[in-house]
Amino acid sequence: MRWSAWEPKISSIGSMNHYKPIVVTTQSRTPTVHSDLMELVHLPLITVEPFALDESVFEETYDWLLLTSPNAVEFFMPYIDRVDWKKIATIGRKTSEALEERGYYVDFEPTEYTQEGFMAEFEAKKGERLLYPVSKNARPLIYKHLLKAGCQVDRHFLYHPVENDKSLKDMRTLLKKNLFAVIFLSPSGVRAFQKHFSAFELDGVLAIAIGHVTATALMGFGIEPVQPEKATMESIINLLESRIDWRANNEF
């Protein structure tokens, strides 16, 4: 295994090694992996801006605090000790790790890192009260599912995505080069790309999607994506390394 989760080496456009295949990753957070076989360039197509939390949550007692992304953890941290909650539920290992690194124990994490996985595995009990701080652009599946199950759900929009103009400009520059792959990790990232670029500009470039919602957004844009075995950056790197090895072995 040639990737590392402990010494990330994320390139900027000016520092790229042009002898390696160039892979662009578009998530908002800097990835914590790298590979010796590729040049990983971080271009977050969207950034996130927080909203102020409705202070009415400080007056309630919650059976569950539901946090479904590392961004939700980051933006909720200023409030977490002011809210009366009993247990924490998450989606995704990265979300759980963000809490555990801050000293909080996660009581429930589904094995599948999607809203569908959460709904299939979480035991929603009628009458329980949940606090759900979330992105304004998040799909409402969990929210509706919990309400239907008889839960009381306080959903508060904690942040929202906005376009990153600098990354979009840098993406324009890189698309003129011989890119190997672009990694999309959210539907909002796909929408930001679609607004400024055409599907034709990814012709011959491997499009990687984390999650079926992101993959569906790409297919609606006319791009057939490849999905890793697991919804993690580590799984993506393994997939890309296998593709790079295959290309190297079949060029001659």
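The structure presented is a predicted model; accordingly, all values stated were derived computationally and were not measured.

In this section: the overall build of the chain. Looking only at helices and strands, one finds 8 helices and 11 strands in the chain. Within the chain, the fraction of its 252 residues that count as buried is 49%. Here the contacts in the chain between residues at least 6 apart in sequence split such that 63% fall between residues at least 24 apart. Summing over all exposed atoms, the chain offers an accessible surface of approximately 13,000 Å²; the carbon and sulfur share of this is 49%.

Moving on, we get to the sheet that holds strand β7 (residues 84-90). One open sheet accounts for 5 strands, arranged β5-β9-β8-β6-β7; its pairing is mixed. Looking along the sheet, the strands with just one partner apiece sit at the ends: β5 (46-50) and β7. Taken pair by pair, the neighbouring strands of this sheet meet at an average axis angle of 30°, ignoring direction. Against the sheet, helix α4 (residues 141-148) contacts β6 (61-67), β8 (129-135) and β9 (152-163), and its axis sits at roughly 175° relative to β9.

What follows is about the packing of aromatic side chains. Here the structure, examined in full by the defined rule, presents 11 aromatic pairs. Ring centres of Phe-108 and Phe-118 lie 5.5 Å apart, and the angle between their planes is 85°; on these two criteria the pair is classed as edge-to-face. With a gap of 10 residues between them, Phe-108 in the loop between α2 (93-100) and α3 (115-121) and Phe-118 in helix α3 connect regions that are remote in the sequence. One aromatic cluster in this structure is built from Trp-64, Phe-108, Phe-118 and Phe-122. Here Arg-82 stacks its cationic end above the ring of Phe-58, 4.0 Å away from the centre of that ring. The residue whose ring lies beneath Arg-155 is Tyr-143, and the NZ or CZ to ring-centre distance is 3.9 Å.

Bringing helix α7 (residues 212-220) into the picture now. Taken as a whole, α7 has its buried residues at Thr-214, Ala-215 and Leu-218. Down the axis, α7 shows its buried residues gathered within 100° of arc, on one side only. Each element contacted by the buried residues of α7 is listed here: β10 (179-184), α6 (187-196) and β11 (206-209). Once α7 ends, the next one or two residues include Gly-222, with phi positive near 90°.

By size, the foremost hydrophobic cluster in this structure holds 25 residues, and its most contacted members are Val-24, Met-171, Leu-179, Val-182, Phe-184, Phe-193 and Leu-202. If you list the elements that add at least two residues to this core, you get β2 (22-25), α5 (165-174), β10, α6, β11 and α7. Not counting the four nearest positions on each side in its chain, Phe-184 is found in contact with Thr-26, Leu-45, Gly-189, Val-190, Phe-193, Leu-202, Ile-208, Ala-209, Ile-210, Thr-214 and Leu-218. Among the nonpolar cores identified, the runner-up in size contains 21 residues, and Val-57, Leu-67, Tyr-79 and Leu-131 belong to it.

To continue, consider the confidence of the model for the chain. Here the chain shows a mean pLDDT of 87. Residues at 70 or above account for 90%. With pLDDT under 50 throughout, residues 1-10 is counted as low confidence; its partners more than four residues away or in other chains account for 34 contacts.

We now examine α4. Buried residues of α4: Ile-142, Tyr-143 and Leu-146, and no others. Taken around the axis of α4, the buried residues stretch over an arc of 100°, which confines them to a single face. Opposite its buried face, α4 presents the exposed residues Lys-144 and Lys-148, each directed more than 90 degrees away. Against the buried residues of α4 lie β6, α3, β8 and β9. Gly-150 lies just past α4 and shows a positive phi near 95°.

Next up on the list: the sheet that holds β10. As summarised here, the arrangement of the 4 strands in space is β4-β2-β10-β11, forming an open sheet in which the pairing is parallel. What marks the edges here is a single partner per strand, and that holds for β4 (39-42) and β11. In this sheet, neighbouring strand axes are inclined to one another by 20° on average, regardless of whether the strands run parallel or antiparallel. Bridging between β2 and β4 involves 4 bridges; their strand directions are parallel. Bridged to Val-24 within β4 is Val-41.

Another point: the pattern of salt bridges. A complete count under the given rule lists 11 salt bridges for this structure. Measuring nitrogen to oxygen at the nearest pair gives 3.9 Å for the salt bridge that ties Glu-60 to Arg-129. A residue pair is termed long-range when its members are at least 10 positions apart, and Glu-60 in the loop between β5 and β6 and Arg-129 in strand β8 qualify at 69 residues. Overall, Glu-60 belongs to the partly exposed group, its relative accessible area being 28%. Of the charged contacts, one joins Asp-63 and Lys-86 as a salt bridge, the two residues approaching to 3.5 Å between their closest N and O atoms. Of this pair, Asp-63 sits in strand β6 while Lys-86 sits in strand β7; the two residues are 23 residues apart in sequence, bridging distant segments of the chain. Residue Asp-63 is classed as buried on the basis of its relative accessible area, which comes to 19%. Overall, the relative accessible area of 53% leaves Lys-86 in the exposed class.

Thresholds applied
- Residues numbered from 1 in each chain as written.
- Predicted model: local features only at pLDDT ≥ 70, side-chain atom pairs only at ≥ 80, totals over all residues.
- Heavy atoms only, no water.
- Helix = DSSP H or I, 4+ residues; strand = E, 2+ residues; numbered from the N terminus.
- Buried < 20%, exposed > 50% of the residue type's maximum accessible area, 1.4 Å probe, protein only.
- Contact = heavy atoms within 4.5 Å.
- Areas by Shrake-Rupley, 256 points an atom, 1.4 Å probe, with all protein chains shown as cover.
- Pairing = 2+ DSSP bridges.
- Axes fitted to C-alpha atoms, helices over the stretch in contact; angles between N-to-C directions.
- Phe/Tyr/Trp six-rings, centres within 6.5 Å; stacked < 30°, edge-to-face > 60°.
- Lys NZ or Arg CZ within 6 Å of the ring centre and 35° of its normal.
- Arc of directions from axis to C-beta.
- Core = buried A, V, L, I, M, F, W, Y, C linked by side-chain atoms within 4.5 Å.
- pLDDT = per-residue confidence, 0-100.
- Salt bridge = Lys/Arg side-chain N within 4 Å of Asp/Glu carboxyl O.

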